[in-house]
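Given next are the chains, with one letter for each unit.
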Amino acid sequence: MKSCLECGEKIVGREDKKFCSDGCRNAYNNKINKDSTNFMRNINNKLRKNYRILSELNVEGKSKTTRAKLLSKGFDFEFFTNILNTKSGNTYYFLYDQGYLPLENDIFMLVKKDI
């Protein structure tokens, strides 16, 4: 007999079943996918917040905003997921598919990658 990976109860049903219920499956997956430390959780929260801010300000897929507006919403310029250096010498900072390009006078071009 197979037993549930979460609670150890006997599993009834399909041969390849691993959990006795949806509740046990969810609890097990939540445990293994949670952020392992406060440090990771804090960084992931900052990345999510930055992403939400860019998404909110860049509804059309390409727009401009100011440093002051980003900062007023709580944007943290130290946290991003990747950098794209173009052949023309521009450096875009991305949070997943949302990005920004610093321009002159504290203006930022907001862009969205097609994924």
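Residues numbered from 1 in each chain as written. Predicted model: local features only at pLDDT ≥ 70, side-chain atom pairs only at ≥ 80, totals over all residues. Heavy atoms only, no water.

Trainee: Could you give an account of helix α2 (residues 38–57), with specific residues and numbers?
Mentor: In a regular helix each residue adds 1.5 Å, so 20 residues correspond to 28 Å; α2 covers 29 Å between its end C-alpha atoms and thus fits that length. Buried within α2 we find Leu 47, Asn 50, Ile 53, Leu 54 and Leu 57. One side of α2 holds all its buried residues, which, seen down the axis, span an arc of 125 degrees. For α2, the exposed residues lying more than 90 degrees away from the buried face are Asn 38 and Arg 52. Here the buried face of α2 lies against β1 (62–66), α3 (67–72), β3 (91–95), β4 (98–102) and β5 (107–112). (Helix = DSSP H or I, 4+ residues; strand = E, 2+ residues; numbered from the N terminus. Expected span 1.5 Å × (residues − 1). Buried < 20%, exposed > 50% of the residue type's maximum accessible area, 1.4 Å probe, protein only. Arc of directions from axis to C-beta. Contact = heavy atoms within 4.5 Å.)

Trainee: Now, about the packing of aromatic side chains: what can you tell me, with residues and values included?
Mentor: For any pair of aromatic rings, the description consists of the separation of the ring centres together with the inter-plane angle of the planes. Taken as a whole, this structure holds ten aromatic pairs when the rule is applied. Ring centres of Phe 75 and Tyr 100 lie 5.5 Å apart, and the angle between their planes is 85 degrees; this geometry places the pair in the edge-to-face category. On the criterion of sequence distance, the pair formed by Phe 75 in the loop between α3 and β2 (82–85) and Tyr 100 in strand β4 is long-range, its members being 25 residues apart. Judged on exposure class, the residue Phe 75 and its partner Tyr 100 are both buried. Between Tyr 93 and Tyr 100, the aromatic rings sit 5.5 Å apart at their centres with planes inclined by 20 degrees, giving stacked as the arrangement. With a relative accessible area of 23%, Tyr 93 lands in the partly exposed category. Counting every residue linked through ring pairs, the aromatic cluster contains Phe 75, Phe 77, Phe 80, Tyr 93, Tyr 100 and Phe 108. Above the ring of Phe 94, the side-chain terminus of Lys 113 is found at 4.4 Å from the ring centroid. (Phe/Tyr/Trp six-rings, centres within 6.5 Å; stacked < 30°, edge-to-face > 60°. Lys NZ or Arg CZ within 6 Å of the ring centre and 35° of its normal.)

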